[in-house]
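# Fold and geometry: a report
Listed below are the residues making up each chain.
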Amino acid sequence: MIFRKANPSHTDSDLDSRDRRRRGRRRDDDVPTWPQEDVAEEAPSAPSSGSASTERGHGPYDASEVESVDEPFEVGRIDLGGLQVHPVEGIELRLQVDEASQTVVAALLVQEDSALELRAFAAPRSGGLWDDIRREIASETTRRGGVVTEATGPFGDEIKVMVPTRLPDGQQATQASRIVGVDGPRWLLRGTLIGRAANEPEAAGPLLAAMAQVVVVRGRNPMAPRDMIPLRLPDEARQLGPDGADLR
């Protein structure tokens, strides 16, 4: 099992250009795929093994709402610290690492020319953080000369943003992203769809269904609202060298 780092500064434009050109994955993009049943519909899926119902009626789940949160491998979840992710056949897991601090800042679920970036944040007990962040994203997009469209999706209120950008080859283009958010108990999980999934519901469906299976592990330590919930490499990856060599 080899985990590769995704470059946060190039992921969006790379997927966007591949979407337009319908190119296949580069050899350097090879990442592990974990088998699980296919999920095709754009809707939160039913709770899987180890999950419980929430007040929302579906996931993402809080750690208090699932079984085996301390032993996620027993129920087939990948432990990233603040997030536990169910593997899905055909969807690749990449971790975005901040080069300066060498810390994991986001999980990226990739399927062909689409991706879903997942980031978890601490939130106030009163909730409502997604409403505030959604307004701030809309304001910043407008300031940058972009266009914002509000909609209702499987997780509730969401936004689609279109911003001008420059491709790696220097050409001017418009980059689309579809941003969803889920307010949980003292946390917010934000998902950003990029590539083909930003525009096509059939491409977004499997990624959003995978998001509905995510477990957020905020922990009990005090955290200021909007602080990122820490992520880390899975234990399996810590035992492997850069070329997949077993270091145990």
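Residues numbered from 1 in each chain as written. Predicted model: local features only at pLDDT ≥ 70, side-chain atom pairs only at ≥ 80, totals over all residues. Heavy atoms only, no water.

## Considerations on the overall build of the protein chain
- For the protein chain, the helix and strand inventory stands at four helices and 12 strands.
- The buried share among the 248 residues of the protein chain stands at 50%.
- Intrachain contacts of the protein chain at a sequence separation of at least 6 include 61% that bridge at least 24 residues.
- Taken as a whole, the protein chain presents about 12,400 Å² of accessible surface, with 47% of it coming from carbon and sulfur. (Helix = DSSP H or I, 4+ residues; strand = E, 2+ residues; numbered from the N terminus. Buried < 20%, exposed > 50% of the residue type's maximum accessible area, 1.4 Å probe, protein only. Contact = heavy atoms within 4.5 Å. Areas by Shrake-Rupley, 256 points an atom, 1.4 Å probe, with all protein chains shown as cover.)

## Some words on the nonpolar core
- Of all hydrophobic cores here, the largest spans 33 residues; its most connected members are Leu-83, Leu-109, Leu-118, Leu-189 and Met-211.
- For this core, the secondary structure elements donating two or more residues are strand 4 (83–85), strand 5 (92–98), strand 6 (103–111), strand 7 (114–122), strand 10 (172–184), strand 11 (187–195) and helix 3 (201–211).
- The contact partners of Leu-189, leaving out residues within four places of it in the chain, are Pro-60, Leu-83, Leu-118, Arg-119, Ala-120, Val-180, Gly-181, Val-182, Met-211, Val-214 and Val-216.
- Ala-123, Leu-129, Val-161 and Ile-179 belong to the second largest nonpolar core, which has 10 residues in total. (Core = buried A, V, L, I, M, F, W, Y, C linked by side-chain atoms within 4.5 Å.)

## Here we look at helix 2 (residues 129–143)
- Between the first and last C-alpha of helix 2 there are 21 Å, a value that for 15 residues agrees with the 21 Å anticipated at 1.5 Å per step.
- Looking at helix 2, one finds that the buried residues are Leu-129, Trp-130, Ile-133, Arg-134, Ile-137, Ala-138 and Thr-141. When helix 2 is viewed along its axis, its buried side chains cluster within an angular range of 160° and face the same direction. What points out from helix 2, more than 90 degrees from its buried face, is the exposed set Arg-135, Thr-142 and Arg-143. (Expected span 1.5 Å × (residues − 1). Arc of directions from axis to C-beta.)

## Some points on the pattern of salt bridges
- For the structure shown, the criterion picks out 12 salt bridges.
- Here Arg-119 ties to Glu-117 by a salt bridge, and the two come within 3.0 Å at their closest N and O atoms. Each member of the pair Arg-119 and Glu-117 is classed as buried.
- A salt bridge links Glu-140 to Arg-143; the shortest N-O distance between them is 2.5 Å. (Salt bridge = Lys/Arg side-chain N within 4 Å of Asp/Glu carboxyl O.)

## A look at the sheet that holds strand 12 (residues 215–216)
- Pairing is mixed in the open sheet, where four strands are placed in the order 2-12-4-3. The open sheet has two free edges, formed respectively by strand 2 (61–62) and strand 3 (78–79), since each of these has just one partner strand.
- Note: strand 2 against strand 12, two bridges, orientation parallel. By the bridge assignment, Tyr-61 is partnered in strand 12 with Val-215. (Pairing = 2+ DSSP bridges.)

## Points about the environment of Asp-62
- One can find Asp-62 in strand 2.
- Given a relative accessible area of 9%, Asp-62 falls into the buried group.
- Considering only alpha carbons, one finds Asp-62 and Leu-83, 21 residues apart in sequence, at a separation of 9.6 Å.

## With respect to the pairing of strand 8 (residues 147–153)
- Relative to strand 9 (residues 156–166), strand 8 runs antiparallel, the two sharing seven bridges. Residue Thr-152 lies in a different strand from strand 9, and its bridge partner there is Asp-157.

## Quick word on the pairing of strand 6
- In terms of residue burial, strand 6 counts as a mostly covered element, since seven of its nine residues are buried.
- Taken together, the seven bridges between strand 5 and strand 6 define a ladder with antiparallel strand orientation. Residue pairing in the sheet places Leu-95 in a bridge with Ala-107 of strand 6.
- Pairing of strand 6 with strand 7, which is carried by five bridges, proceeds in the antiparallel orientation. Its bridge partner lying in strand 7, Leu-108 is registered against Glu-117.

## Examining helix 3
- Judged by how many residues are buried, helix 3 sits mostly within the fold: nine of 11 residues are covered.
- Where helix 3 is buried, its residues contact strand 6, strand 7, strand 10 and strand 11.

## Concerning unusual backbone geometry
- Phi angles above zero are rare outside glycine, and Gln-102 is one such case at about 60°.
- Residue Arg-226 is not a glycine yet carries a positive backbone phi of 85°.
- As for its placement among the helices and strands, Arg-226 is situated in the loop between strand 12 and helix 4 (235–238).

## Some details on the confidence of the model for the protein chain
- Here the protein chain averages 79 in pLDDT, while 72% of its residues score no lower than 70.
- Counting interchain partners and residues more than four positions distant, the pLDDT-below-50 stretch residues 9–41 has 82 contacts.
- Throughout residues 45–53 the model reports pLDDT below 50, and contacts reaching past four residues in sequence, or to other chains, amount to 25 contacts. (pLDDT = per-residue confidence, 0-100.)

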